Amino acid sequence: MRIGVIGAGAIGGTIAALLDRAGHDVAITARGEQLETIRASGLRVSGGWGEHTARPRASAVLDVPPELAFVCTKAQDAAGAITANAEWLAGIPVVIVQNGLDGVRIAEELLPGSPIVGAIAVYAASYLRAGLIDVTAAGPTIIGTNDPTRRDIAAHVSSTLGAAMPTQLVSDFRGAQWSKLIVNQVNAMPAITGLSAQVTLVHPVLGRIVTGSMREAVRIGFATGVRFASLQGLSQPLLRAFAMAPISIGRVLPRVMASRMGDTPNPGSTLQSIRRGQPTEIDYLNGAVVRAARASGLTAPINETLTELVHRVEKSGDFLEVEEVAAVFRRIN
Ligand SMILES: NC(=O)C1=CN([C@@H]2O[C@H](COP(=O)(O)OP(=O)(O)OC[C@H]3O[C@@H](n4cnc5c(N)ncnc54)[C@H](OP(=O)(O)O)[C@@H]3O)[C@@H](O)[C@H]2O)C=CC1
Ligand SMILES: CC(C)(CO)C(=O)C(=O)O
């Protein structure tokens with residue numbers, strides 16, 4: 001099948017390389033050094049699913065019509081990337097592989113004639129340098145749609161991608177997005193401190209703050225009627241217990257999440273953006289929790305503060321020491 005992958009970073013690069021290995025005719029879009037390198041020496045993926053170097057067709061915007069496309073940019077770049085490729089995306093199934101809550105809705109607004117399918121990566125990948133991606137923890141890609149008339153297209157996407165890497169089809173995509181949003185509470189602290197997700201989750205001070213932000217996000221989800229999907233060890237009953245238990249017991253969950261991440265230090269996709277001097281996706285992660293809270297007349301002070309601190313590091317380029325982070329959170333408690 002002719003498959004377009006828009007944005008060949010950590011996730012798009014993995015999807016493109018593995019679809020190529022599965023025998024598909026893959027065209028990618030990329031920019032700058034990434035585009036030059038992939039054109040010159042291909043796209044190499046290593047780690048969780050083995051080694052493969054793909055030599056996909058590579059351009060700044062698609063220049064051949066795909067039969068299926070994956071949009072794999074960070075949330076803040078998706079609208080621009082979709083608009084730039086709209087000519088070739090019209091009328092074909094478009095899969096939005098993105099964290100946060102808004103990706104599918106925005107794509108549906110931009111591409112009213114295309115069936116949009118949502119995807120959530122439940123694996124971890126690092127964009128090490130141009131043309132080189134490392135899968136640091138393998139896991140499935142969750143595929144779904146909230147539109148019952150699009151379920152057959154979601155199933156088709158799941159079986160196509162499933163021949164290249166593990167997929168899981170879900171009926172409640174919104175519930176899966178919210179569960180992943182809770183997992184993505186692990187992203188902010190590495191971006192603020194420069195430490196790995198594993199280190200921050202088990203850290204006595206930082207891990208307690210992350211536990212607080214996760215509990216805040218879960219409570220807001222419940223208050224706004226979310227039914228959390230079972231994903232990465234999280235489930236509706238577990239999250240209910242997590243939100244209600246004393247924080248000392250709640251601390252167990254981030255520790256379990258850290259152990260599930262394996263030994264390779266996981267910077268998370270947000271710290272990877274900071275390290276490259278790029279804007280982060282934080283307004284679509286902790287920021288999404290803040291917006292959901294406001295829409296229901298609630299507040300999310302921990303998520304709001306984490307969002308502000310990530311923006312501070314984005315601007316200054318300087319990570320915060322643990323004591324500085326602790327002092328900020330003492331002020332809001
Ligand atoms: N990395 C991970 O482990 C995981 C990431 N995710 C999620 O997956 C999504 C993608 O993240 P990730 O792969 O890490 O992000 P990356 O930043 O590694 O990759 C995004 C790529 O999109 C490119 N891009 C942006 N705009 C355009 C455009 N208009 N045309 C062509 N290319 C473009 C970027 O290029 P440039 O560098 O030039 O900006 C970059 O190469 C995010 O929502 C993230 O939260 C989910 C689970 C795990
Ligand atoms: C869960 C995690 C941290 C995996 O890397 C992720 O989704 C991300 O990096 O955005």
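Quantities reported herein were computed from a predicted structural model and do not represent experimental measurements.

Thresholds applied
Residues numbered from 1 in each chain as written. Chains lettered and ligands numbered in written order. Predicted model: local features only at pLDDT ≥ 70, side-chain atom pairs only at ≥ 80, totals over all residues. Pairing = 2+ DSSP bridges. Helix = DSSP H or I, 4+ residues; strand = E, 2+ residues; numbered from the N terminus. Axes fitted to C-alpha atoms, helices over the stretch in contact; angles between N-to-C directions. Expected span 1.5 Å × (residues − 1). Buried ≥ 20, exposed ≤ 12 C-beta atoms within 10 Å, placed from the backbone. Arc of directions from axis to C-beta. Contact = placed C-beta atoms within 7 Å. Parallel < 35°, antiparallel > 145°, perpendicular 65-115°, else oblique. Left-handed = near helix turned anticlockwise from the far one by under 90°. Nonpolar A, V, L, I, M, F, W, Y, C, P; charged D, E, K, R; others polar. Domains from an automatic or database assignment. Near = placed C-beta within 6 Å. Core = buried A, V, L, I, M, F, W, Y, C linked by C-beta atoms within 7 Å. UniProt positions renumbered as here; feature names shortened; annotations may be inferred. Right-handed = clockwise from strand over helix to strand, strands pointing away.

**Q** Hey, could you run me through the sheet that holds strand β4 (residues 52–54) in this one?
**A** On the basis of which strands lie adjacent, the open sheet formed by 4 strands has the order β4-β3-β10-β9 and mixed pairing. If you trace the sheet from one side to the other, it starts and ends with β4 and β9 (124–129), each paired once. When strand polarity is set aside, the average angle formed by the axes of neighbouring strands in this sheet is 25°. Note that strand β3 (residues 43–47) and strand β10 (residues 132–137) share 4 bridges and pair parallel. Note that in β10 the partner of Ser-46 across the bridge is Asp-134.

**Q** Where do I start with helix α6 (residues 151–162) in this structure?
**A** The periodicity of an α-helix, 3.6 residues per turn, causes residues three or four places apart in sequence to face the same way. Compared with the 16 Å implied by 1.5 Å per residue over 12 residues, the 16 Å span of α6 between its first and last C-alpha is a close match. Restricting attention to buried positions, one finds in α6 the residues Ile-153, Ala-154, Val-157, Ser-158, Thr-160 and Leu-161. Viewed along the axis of α6, the buried residues span an arc of 165°, placing them on a single side of the element. Away from the buried face of α6 by more than 90 degrees, exposed residues Asp-152 and Ser-159 are located. Buried-residue contacts for α6 involve β6 (68–71), β7 (94–97), β8 (116–121), β11 (141–144) and β12 (167–170).

**Q** What is the right way to look at the packing of helix α10 (residues 206–223) against helix α15 (residues 286–295) in this model?
**A** Helix packing for two helices is described by the angle between their axes and how far apart those axes are. Their axes nearest at 10 Å, the elements α10 and α15 cross at an angle of 40°. As the angle between them shows, α10 and α15 are arranged oblique. Judged by the twist between their axes, the crossing of α10 over α15 is left-handed. Within the contact between the two elements, α10 uses Ser-213, Ala-217 and Ile-220 and α15 uses Asn-286, Val-289, Ala-292 and Ala-293. In terms of residue class, the contact of α10 with α15 is made up of 5 nonpolar, 2 polar and no charged.

**Q** Help me understand the domain arrangement of the chain, please; the structure alone is not making it clear to me.
**A** Often the size quoted for an interface is simply the accessible area lost on bringing the parts together. On domain assignment, one finds that the chain holds domain 1 (2–171) and domain 2 (177–332). Between domain 1 and domain 2, the contact holds 17 residues from the first and 20 residues from the second. Breaking the side of domain 1 that touches domain 2 down by element, the ones donating at least two residues are α3 (75–84), β9 and β10. A per-element tally of the side of domain 1 that touches domain 2 places β9 first, with 3 residues.

**Q** Hey, could you run me through the sheet that holds β6 in this one?
**A** To summarise the sheet geometry, strands pair through backbone hydrogen bonds and adopt either a parallel or an antiparallel arrangement. Spatially, the 8 strands line up as an open sheet ordered β5-β2-β1-β6-β7-β8-β11-β12, and their pairing is mixed. At either margin of the open sheet sits one strand with a lone partner, and together these are β5 (57–59) and β12. Across this sheet, the average inter-strand angle for adjacent strands is 20°, counted without regard to direction. Lying over the sheet, α6 contacts β6, β7, β8, β11 and β12, oriented at roughly 170° with respect to β12. Contacting β8, β11 and β12, helix α7 (residues 173–183) crosses the sheet at an angle of about 30° to β8.

**Q** What is the right way to read the site of ligand 1 from this model?
**A** Not every one of the 31 residues close to ligand 1 is listed here, only the nearest: Gly-7, Gly-9, Ile-11, Ala-81 and Asn-99. If one sorts the elements of the shell around ligand 1 by residue count, α3 sits on top with 5 residues. Split by residue class, the shell around ligand 1 holds 14 nonpolar, 13 polar and 4 charged.

**Q** Could you clarify how one ought to interpret the nonpolar core in this entry?
**A** Generally speaking, soluble globular proteins have nonpolar side chains that are buried together. Ranked by internal contacts, the top residues of the largest apolar core, which has 106 residues, are Val-5, Ala-16, Val-71, Ile-96 and Val-97. Lining this core are residues from two domains, each supplying at least three of them: domain 1 (2–171) and domain 2 (177–332).

**Q** What exactly am I supposed to notice about the UniProt feature "domain: Ketopantoate reductase N-terminal" (unreviewed entry) in the chain here?
**A** According to UniProt, the feature "domain: Ketopantoate reductase N-terminal" (unreviewed entry) maps to residues 3–146 in the numbering used here. Split by type, residues 3–146 is 31% helix and 35% strand. Its first and last C-alpha atoms lie 23 Å apart.

**Q** Looking at this model, I keep getting lost on the environment of His-203. Mind explaining?
**A** With respect to the element layout, His-203 can be found in the loop between α9 (197–202) and α10. With 19 C-beta atoms packed within 10 Å, His-203 lands in the partly exposed category. Along the chain, His-203 and Val-322 lie 119 residues apart, while their C-alpha atoms are 9.6 Å from each other.

**Q** Got a minute to help me understand the pairing of strand β2 (residues 25–29) in this structure?
**A** Moving residue by residue along a regular strand, the side chains alternate between the two faces of the sheet. Taking burial as the measure, the 5 residues of β2 include 4 buried ones, the bulk of the element. Bridge count for strand β1 (residues 2–6) against β2 is 5 bridges, and the pairing is parallel. When the sheet's bridge partners are listed, Ile-3 is paired in β2 with Val-26. One crossover worth recording links β1 to the parallel β2 by way of helix α1 (residues 10–21), and it is right-handed. Examined bridge by bridge, β2 and β5 share 3 bridges and lie parallel to one another.

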